[in-house]
Structures are given as structure tokens and as C-alpha cells.
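Structural overview for review
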Amino acid sequence: MTLYRKYRAQKFNEIVGQDHVVQILKQAVLDSKFAHAYLFSGPRGTGKTSMARILAEALNCQNPDNGEPCNKCSSCLAINTGRFMDLIEIDAASNRGIDEIRDLKEGISFLPAQGKFKIYIIDEVHMLTEPAFNALLKTLEEPPTQVLFILATTEPQKLPLTIISRTQRFDFRLANDKDLATKLKRVLKHENIAMSKEGLEIIIKAGQGSYRDAETVLEKVISSLNNTKDNQIVEISKENIEKILGYVNSTTINTFLEAMINNDRIKALEIVHDIAEDGASLVQFVKEALEKSRELMLKIVKAGGNVSVILKLIGELNKASFEMKTSLISILPVEMAVINCTIVETSPEKKIEPKQISKIIVSESKSDEKEMVVKDAKGEAEVNTENVIDDDAAQALLKKINNTWDEILQAAKKHNHFLTAILSKAEFVFIPGEGLVLKVSSSFHKKQLDSLETRKILNTIIATVTGSQSQFKCIIDKTIKTNDAKQSNAKLVEELLT
């Protein structure tokens, strides 16, 4: 049984966040002054059908307690187990025709078989056809005294006004964080599970105001864990929840946004590719980045800053979130968003002619044909095995490179600013038996440096600056610490992100 059904409210006082509805309905049961038709409207997962069933129980309960059903008498037990003949539930989403309403009209003429009232719950009532609405309208105009209708809908605006006018309407509210926390803590307590405050906040955020959605997310988290012993408290950390749900940690989100706002295209693309390689959900990443961008926009407005950059970022991310649903390459809309956001209008990029594009393609094709590539013992890095220099020469060259690193970066800038950006996040080291090795933090950077054209440029630069010929292997090491030469040009943004 799902958590939502397992912990569905059985009494009015178990309903969370809808006190304005509970108070009126309980009093109506106590005073025996209730309407013949109710309309429960509101977002999904806010307790509409649960409230309808509790009202049906309370009206038919043989031993009500202060307006609450006892949940012990034969009527209450029959309703709770779905065996109460006088509670008829109709799903209008799948039963839209007039035939169902005609059957309903015929059924209401019979007296209740088990309880005091015959109650019809019509869920998603807005899905009924026009002829069905007309037939229902006639039934609502003059219902028998022992019959009560409860209509539930997520889209009340689609209901005919003639239907709405014949019902007593209650609007259900989305759950706030406090109410969701109350409901989830109750479930966690019964399931004997301990969860950190931060982890609970992630699930609350994922619920987006819906009790059912929040409990569904919680169930996914719980079912992914290994509960080995009965009655043993299971602890769930924030990191476990993020991993199970495919979330990206907040530090990565902040780093990505800072890179985007500072027009650091390479860094932003590197983060996107790393997320994809790690198997996290790109859809969830874009959603989280959008939510953080919105928060950032509001903070910047309050601080009196300029929001033009953040507005462009929100627009591109929002566009990407829609395009990802239909794109054949799911990462492409995100990459396009990064590129569109990091184009500096005051300094247009150099136009690449068709002949140059053709030359690049031919160069890459030749690179694939000529370059001999092997995997190291761990299978983690691809290595170019041509003309690898010996250990002594490699150590000597490494010393020269370290001493002239700033000159190498300046020289690279004249050839290719992308190469400079990659090198500023890379590290040359010596590894015995392997020689000179260039460590990079992502496969995206490695792919750029593994092309013959890029290697030729870099080797030429190193030879010119150090006076020595070089050969190196390129490997991925995500643990290296990089030193960005580029500093943030938005102190306000940096402060708000921390």
C-alpha cells in the first residue's frame, strides 16, 4: 500500500492545512444542517477526496464523537474498506458520458441500503461532457433528502455556473511548508525513520504544496533504502536523498549561476557536462537553477541591483526547460542556454567562415584516424602514446613549465582564449613511468586537449617559452584544485549566493 493511502486521514482533525473547511463541515454534522451538494475545488493532492470520504463517514457513523466518525462501527469500517454500498465514487475523467449520470439518476430513487445517507462522490467533475452536465443539473435541482453529492475538481473554472450555483463550495489550499512538515513527520514517526532537517526540506520542496506528491517523493526515498531489521530506526541523510532523487547540490548550483552571470562559458559548460556524466537529472538541475535564479532576482531587486543579466538567465533556462521535453538530445537545450547567456553583445565574437568550419571538421576527422589511443590500467584516462619523453626530460620540462606558467597562459591567449580558460583550470604534473601528465577536471576539457590541433598549438607554445620540446598525456582528475585567473565582476551576486 502506498504511503498516501496508508496514512490517509480518517478523521477531520487528521486533515492538515484545511482548517477553514474542517470547522464548517464538523459543525454542519453536529447540527445536522448540511447542504445536499458540496463542491471541493483546489490543486491535486490537497485532501479533497479524503475530506469527502470523512464527511461520508461522519454522516453515516452510528456513534459519532463531536462531529467526528468513530471508525469503529459497521458503517465506518465498511467505508474504510470500500464495502459500503451507499458510498458511490465516480471518476469523471474515465466516465465522462451521459450513461453514467443516467445510472446515477436511477440509483438515487432507492433508499440507502446500509447507512443513513446515500452519498455520491464525483471526482474531476469538470471532465463530464455537456449532456452529462445537463443530466446532473436536473438531479442537483431536486435530490431526495437521503442523497448527498460531493463534487471534486482541480479546475472549477470549467464547470458550468448552473452547477456551481447549486452547491456549497469550498476551496482547498496548497500546503505550506509547515503543514507539509507536520504530515511528513507523522509518516516518518510511524515508519520508524529519522531524517535530517535539510533532507526533510528537500522533500517538502519537491512536494510543491501537494501532500500526495510529497508523500510520493518520500515513498521513493524510503523504498530505495535497505531496511534490514524490524523496529530499527533507519536514518536518511540529505546526501542520500539528493542522490536518490537525482538532485544537484546547492554549491554546484551556485557555482553554475556565478559562472553564467560572469560570462564564464567554459566553466558553466563544464558543470553541465559533469552533471550529465554523473547521472544526475538535467531536468531537475534546470528546475533548481531556475528556482535559485528567481530567489536571486528578488534579492537583487531588494538590494537595489541591476537584474537585466539575471532576467536573461531566467528566460534562457525557462526556454530550455520546455525544449528538453521534445529535444532528441536532452542536454542540447541546456548547452544552448549557456551559450546564449554568455554572449557579450558589446564585444561580438569572431565570425567563423564556412571554410574554417570545414577545416575544423577535416582536422578532427584526421585526429580520429591518426591518433593512437589506449586506456590506462584503471580504464580512467585515454592517452596519446606518440613520442612520450623519458622521465628525466619530463621532470626537467615540468620545472620549466612551472617557472614560466604565466608566460604560457599569455601566449595561449593570443592563439585561442578557450585554450587559456582550460589551462587555467588544469595542472601539469610528473608521474613516474608515465612522464609529463596534464590533469583536467572534466571529459569536456580532455576532449578539447586531445585534438591534434590543440596539442600542436600547446606544444608549440611550450617549446617557444621554455626552449624544450614537449609531449604529455592528458587525464581526468576531478579532485584537482583550479585557480581561476578571472575574478567575479559581480560582488553583489557573489554575496547573495553565499
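One can find the structure itself at the top, above this paragraph.
Below, the structure is looked at part by part. Given the structure is predicted, the values throughout are model-derived calculations rather than measurements. (Residues numbered from 1 in each chain as written. Predicted model: local features only at pLDDT ≥ 70, side-chain atom pairs only at ≥ 80, totals over all residues. Heavy atoms only, no water.)

So, about the overall build of the chain. Looking only at helices and strands, the chain has 23 helices and 12 strands in total. Every one of the 498 residues in the chain was classed for burial, and the buried ones make up 46%. Here the chain displays about 27,200 Å² of accessible surface, and carbon together with sulfur accounts for 51% of that area. (Helix = DSSP H or I, 4+ residues; strand = E, 2+ residues; numbered from the N terminus. Buried < 20%, exposed > 50% of the residue type's maximum accessible area, 1.4 Å probe, protein only. Areas by Shrake-Rupley, 256 points an atom, 1.4 Å probe, with all protein chains shown as cover.)

A few words now on the environment of Tyr38. Inspection of the secondary structure assignment puts Tyr38 in strand β1 (residues 37–41). Look at Tyr38 and you get buried, because its relative accessible area is 1%. Separated by 126 residues in the primary sequence, Tyr38 and Ile164 have C-alpha atoms spaced 9.0 Å apart. Among residues more than four places away in sequence, those in contact with Tyr38 are Leu25, Ala28, Leu55, Leu148, Phe149, Ile150, Leu151, Thr167, Gln168 and Phe170. Among the polar contacts made by the side chain of Tyr38, one reaches the main-chain amide nitrogen of Ala35 at a distance of 2.9 Å. (Contact = heavy atoms within 4.5 Å. Polar contact = N/O pair within 3.5 Å; in protein donor to acceptor, adjacent residues only side chain to side chain.)

Inside soluble globular proteins, nonpolar side chains tend to come together where they are buried. Formed by 33 residues in total, the largest nonpolar core has its most connected members in Phe256, Val272, Phe285, Ile310 and Leu313. Where this core is concerned, the elements lending two or more residues are α12 (250–261), α13 (265–277), α14 (282–302), α15 (308–323) and α16 (332–341). The element contributing the most residues to this core is α14, with 8 residues. By size, the runner-up hydrophobic cluster in this structure holds 29 residues, among which are Ala9, Leu55, Ile121 and Leu148. (Core = buried A, V, L, I, M, F, W, Y, C linked by side-chain atoms within 4.5 Å.)

Attention shifts here to the sheet that holds strand β4 (residues 147–153). In space, the 5 strands of this open sheet follow the order β2-β3-β4-β1-β5, with parallel pairing throughout. Because the sheet does not close on itself, it has two edges, and the strands there are β2 (87–91) and β5 (168–171). On average, adjacent strands in this sheet sit at an angle of 15° to one another, irrespective of strand direction. Alignment of β2 against strand β3 (residues 118–123), held across 5 bridges, turns out to be parallel. From the neighbouring strand, Asp91 faces β3, where its bridge partner is Asp123. Running at roughly 145° to β5, helix α2 (residues 19–31) makes contact with β1 and β5 of the sheet. (Pairing = 2+ DSSP bridges. Axes fitted to C-alpha atoms, helices over the stretch in contact; angles between N-to-C directions.)

A few words now on α14. If you check α14, its first and last C-alpha atoms are 30 Å apart, about what 21 residues at 1.5 Å a residue would give, namely 30 Å. Where α14 is concerned, the buried positions are Leu282, Gln284, Phe285, Val286, Glu288, Ala289, Leu290, Ser293, Leu296, Met297 and Ile300. Backbone nitrogen of Val283 and a side-chain oxygen of the N-cap are separated by 3.4 Å at the start of α14; the cap is Ser281. Gly304 occupies a position one or two residues after α14 and carries a positive phi of about 80°. (Expected span 1.5 Å × (residues − 1).)

To continue, consider a nonpolar patch on the surface. Residues Leu328, Ile329, Leu332 and Met336 make up a contiguous nonpolar surface patch of about 430 Å² in total accessible area. Looking at where Ile329 falls in the secondary structure, it is placed in the loop between α15 and α16. (Patch = residues over 30% accessible without salt bridge, like charges linked within 9 Å, V, L, I, M, F, W, Y side chains within 5 Å. Salt bridge = Lys/Arg side-chain N within 4 Å of Asp/Glu carboxyl O.)

Moving on: the side chain of Lys118. Structurally, the position occupied by Lys118 is in strand β3. Despite its burial, Lys118 pairs with no opposite charge; the closest candidate is Asp86, at 4.8 Å N-O. Engagement of the side chain of Lys118 in a polar contact is seen with the backbone oxygen of Gly107, the distance being 2.9 Å. A distance of 3.3 Å separates the side chain of Lys118 from the backbone oxygen of Phe110, its partner in a polar contact. Discounting residues that sit within four places of it in the chain, Lys118 has contacts with Asp86, Ile88, Gly107, Phe110, Leu111, Pro112, Gln146, Val147 and Leu148. (Lys, Arg positive; Asp, Glu negative; His and termini not counted.)

Take the sheet that holds strand β12 (residues 473–476) next. One open sheet accounts for 3 strands, arranged β10-β11-β12; its pairing is mixed. Lying at the two open borders of the sheet, with one neighbouring strand each, are β10 (427–431) and β12. The mean inter-strand angle of the sheet, taken between neighbouring strand axes irrespective of direction, is 40°. Of the pairings in the sheet, the one linking strand β11 (residues 435–440) to β12 comprises 4 bridges and is parallel in character. Residue pairing across strands places Val437 opposite Lys473, the latter belonging to β12.

These figures capture arrangement, not role.
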